[in-house]
Structures are given as C-alpha cells and as structure tokens.
Amino acid sequence: MNAVEHDVPVVAALDFPPLMTWEDVVQDEREDRLGFARRATLAVLTQSGEQLIAGFAGGNRKGLEGAMKAVALFQAHLREMERLAGMAERRLLRVGEVVDAAD
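Residue numbers here run from 1 along each chain, matching the order of that chain's written sequence. Given that this is a predicted model, residues contribute local features only at a pLDDT of at least 70 and side-chain atom pairs are listed and counted only at 80 or more, while totals for whole chains, interfaces and linings are drawn from all residues. Each side-chain value is worked out from all heavy atoms of the structure, with water and hydrogens disregarded.

*Asks:* Give a description of helix α5 (residues 61–102) that names residues and reports values.
*Replies:* We count a stretch as a helix when DSSP gives it H or I for four or more residues in a row; a strand needs E for two or more, and each element gets its number in order from the N terminus. A helix is expected to span 1.5 Å multiplied by its residue count minus one. A rise of 1.5 Å per residue sets the reference length of α5, with its 42 residues, at 62 Å; its end C-alpha atoms lie 62 Å apart and thus fit the reference within 8%. The contact definition used throughout considers only heavy atoms, calling two residues in contact when any of these lie within 4.5 Å. Where α5 is buried, its residues contact α3 (33–46) and α4 (49–56).

*Asks:* Can you tell me about the nonpolar core, naming the residues and giving the values?
*Replies:* Counting five residues, the largest nonpolar core is built from F36, A37, A40, A70 and F74. Elements supplying a minimum of two residues to this core: α3 and α5. To define a nonpolar core, start from buried Ala, Val, Leu, Ile, Met, Phe, Trp, Tyr and Cys residues and group those joined through side-chain atoms within 4.5 Å. Accessibility here uses a 1.4 Å probe with only protein chains present; expressed as a share of the type maximum, an area under 20% marks a residue as buried, one over 50% as exposed, and anything in between as partly exposed.

*Asks:* Break down α3 for me, citing the residues and quoting the values.
*Replies:* Spanning 14 residues, α3 covers 20 Å between terminal C-alpha atoms, matching the ideal 20 Å at 1.5 Å per step. Inspection of α3 places G35, F36, A37, A40 and T41 among the buried residues, and these make up the whole buried set.

*Asks:* So what about the pattern of salt bridges? Which residues, and what values?
*Replies:* Whenever Lys or Arg places a side-chain nitrogen within 4 Å of a carboxyl oxygen from Asp or Glu, that contact is recorded as a salt bridge. For the structure shown, the criterion picks out four salt bridges. Put simply, E65 and R61 hold a salt bridge, and the shortest N to O gap is 3.6 Å. Here E65 and its partner R61 are both found in helix α5, four residues apart, which amounts to about one turn of the helix. E97 is paired through a salt bridge with R94; the nearest N and O atoms lie 3.3 Å apart. Placement of the pair is E97 and R94 together in helix α5, with a separation of three residues, close to one helical turn.

*Asks:* Explain the packing of helix α2 (residues 22–31) against α3 to me, using residue names and the numbers behind them.
*Replies:* Between N-to-C directions, angles span 0 to 180 degrees; the directions come from axes that are lines fitted to C-alpha atoms, helices contributing only their stretch in contact. Direction vectors running N to C along α2 and α3 enclose 125 degrees, while the axes themselves pass 5 Å from each other. Between α2 and α3, the angle falls in the class oblique. In this structure, α2 uses V25, D28, E29, R30 and E31 to contact α3, whose residues at the interface are R33, F36 and R39. Charged means Asp, Glu, Lys or Arg here, nonpolar means Ala, Val, Leu, Ile, Met, Phe, Trp, Tyr, Cys or Pro, and polar covers whatever is left, Gly included. Classifying every residue of the contact of α2 with α3 gives two nonpolar, no polar and six charged. Throughout this description, any angle smaller than 35 degrees is read as roughly parallel, any larger than 145 degrees as roughly antiparallel, any in the 65 to 115 degree range as roughly perpendicular, and the remainder as oblique.

The structure is reproduced here in structure tokens:
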C-alpha cells in the first residue's frame, strides 16, 4: 500500500470554513427546537472542557444559559419518551397475553 502525501500544510488543512452562520443556528432553533436541543446536547459532549470554557467565556453567559436550557429540554423529552416506551411495552405484553390465551 502506498503512503499518500498531502501538499497542504496541516494547519491549513484544519482551517474549515463554517458550515452555518449564527443566523442559521438561530433559525434552526426556532424551526426544530427538539432537534436543536438534541444537537446541542451532543455538541456539548464532543467538546473539551477548555473548548467549552473558551466558547462561553467573554460575556457569553447568555449562550451558556441557552445551551443549558437546550440540554434540559432534551433531557425532559427523553424522560417523556422513556415513560411512553414503558407504556407501549406494557400494552404489548398485555396483547401477547391475550394472543397466547386465544391460541
């Protein structure tokens, strides 16, 4: 197998252009709050502590509070989904009992 050499310096190769503008992020939050909360939760989990501190420092307390609200929204959604999944599981168990009794 041949090694592949890159002509682009490592620093330049890591300088990706942004995929979204801040307006895109705000619009995404308005249009799909739950999806935004899920993505924000996962984004927080992929960043180092240093990156999070740098991102929310410098007077960005509002951003930190917004991220905290998004994560709390996603957590509440997961709790509701867990409750509903439990109800669905119990219903299916009952259906299984009825089907078994009919056989």
